[in-house]
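Summary of the model geometry
Okay, here's what each chain looks like letter by letter:
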Amino acid sequence: MKEVSEKYLKEIYLNILKAIVIVLYFFVLNLAYTNINNEYLELGIKILTMVFLFTAILIFEIAYKKDDGKLAIQGIEILILASYTLTTKHITNKYKFDFKSYSLVASYISAIYFILKSIIVYTKGRKEIVKNLSDIREIVKKDEPMKKEATKKTKKENKEDSNKKEKATTKNEKIDDIEKTKTVRRKKDNKVEEKTKVVTKKEEAKEENKTTTRKKKTANTSEKKKETTKKTTATNEEKQEITKKKKTTNTNEEKKKGTTEKNKIINENEEKPKTVTRKKKETNTNKTKTTVKKANNNIKKEETENKTKRKTTKKEVKVND
């Protein structure tokens, strides 16, 4: 089982690394003070302070955007280092401190600060692991004093028992507090889960409504399309029927016309010989009539001639007598 979580271990290692880097930085400053001229040293200190200031400002901006307190503390640390490096030359000249001893003291102070910080982080991590342990109640029960038979006890034993009881009560109170906080957290988590479920249900209902409305719209559109297609088909069928009727009427009329014309032609053809025969008959009758008339006229002439002959013969006879 781990003593401290990885999150706190990373923080501890980072603080130790910072302490080492700052000690090395002040060591380099001491070397520069001994080996480089004052003008170059002052220029180097100014450049370093500018770099530290810019990095501190950048870290502050990132911490403000992310709302991170740890980053803000790191920015403050870098800003203190920048101000310290900027004021080293002025303080050593004013108060006549030795530069080496001044830088050494600063390195020691920074190293102690970061080591203390890492220790605080370690203790914090240990406390968190102890709080998250589930076997606390069993440990407390083991530590509780067993009920024994009534015996004579000394004052020291009574004090020890009372101290044990007090410790047990404090432990129980702590456990109860931990359980209360856990229950409160669980309730909050349950509330959040319920809220999320309600929100998800609402969203699902909205999506279902949207899908139903879409389906209805698609169904309506499809029905409308079907109706329009039916109407178009009906209109086309009606048009086709009308055209068929027109065609049939035209064909019937044409047929009727053809039949009437044929009948006319046939009647004309039939009437022609009749008229010819009639004319022939009429001519024949006329001829017969003329011949009869001629015959009658001839007969009448003959009769008149015979009468005249008879009269003449009678006159001759009378004359002769």
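Refer to the preceding data block for the structure.
About the cut-offs
- Residues numbered from 1 in each chain as written.
- Predicted model: local features only at pLDDT ≥ 70, side-chain atom pairs only at ≥ 80, totals over all residues.
- Heavy atoms only, no water.
- Helix = DSSP H or I, 4+ residues; strand = E, 2+ residues; numbered from the N terminus.
- Buried < 20%, exposed > 50% of the residue type's maximum accessible area, 1.4 Å probe, protein only.
- Contact = heavy atoms within 4.5 Å.
- Patch = residues over 30% accessible without salt bridge, like charges linked within 9 Å, V, L, I, M, F, W, Y side chains within 5 Å.
- Areas by Shrake-Rupley, 256 points an atom, 1.4 Å probe, with all protein chains shown as cover.
- Salt bridge = Lys/Arg side-chain N within 4 Å of Asp/Glu carboxyl O.
- Polar contact = N/O pair within 3.5 Å; in protein donor to acceptor, adjacent residues only side chain to side chain.
- Core = buried A, V, L, I, M, F, W, Y, C linked by side-chain atoms within 4.5 Å.
- 1 Å grid on protein atoms, 1.4 Å probe; cavity = no way out; pocket = protein on both sides within 12 Å on 5 of 7 lines; lining within 4 Å.
- Points joined across faces, edges and corners; volume = space filled by probe spheres on them.
- Nonpolar A, V, L, I, M, F, W, Y, C, P; charged D, E, K, R; others polar.

1. Here we look at the overall build of the protein
- When helices and strands are tallied, the protein shows six helices and zero strands.
- Seen in sequence order, the protein has helices and strands lined up from the N terminus as α-α-α-α-α-α.
- Out of the 321 residues in the protein, the part that is buried amounts to 14%.
- The long-range share in the protein, meaning contacts at least 24 apart out of those at least 6 apart in sequence, stands at 74%.

2. Some thoughts on a nonpolar patch on the surface
- A cluster of nonpolar side chains, L104, Y108, I112, I115, L116, I119 and I120, forms an exposed patch at the surface whose accessible area comes to about 680 Å².
- Structurally, L104 can be placed in helix α4 (residues 99-132).
- For L104, a relative accessible area of 38% puts it in the partly exposed group.

3. Some words on the side chain of N30
- Topologically, N30 is positioned in helix α1 (residues 6-35).
- Under the relative-accessibility criterion, N30 is labelled buried at 10%.
- A polar atom in the side chain of N30 sits 2.5 Å from the side chain of S103.
- The residues touching N30, leaving out its near neighbours within four places in the chain, are F99, K100, S103 and L104.

4. Section: the nonpolar core
- The biggest cluster of nonpolar side chains holds 16 residues, and the ones touching the most others in it are I22, Y25, F26, L29, F52, L81 and Y84.
- Put simply, the parts of the chain that give this core at least two residues each are α1, α2 (38-66), α3 (69-95) and α4.
- Per element, the largest residue contribution to this core is six residues, and it comes from α1.
- For L81, the residues in contact, after removing those within four places along its chain, are I22, Y25 and F52.

5. Some points on the layout of surface pockets
- The volume enclosed by the largest pocket comes to roughly 500 Å³.
- Lining of the largest pocket is provided by 21 residues; of these, I22, E77, L81, S110 and F114 occupy positions nearest its centre.
- Elements represented by at least two residues in the lining of the largest pocket include exactly α1, α2, α3 and α4.
- When the residues that make up the lining of the largest pocket are grouped by side-chain class, the tally is 16 nonpolar, three polar and two charged.

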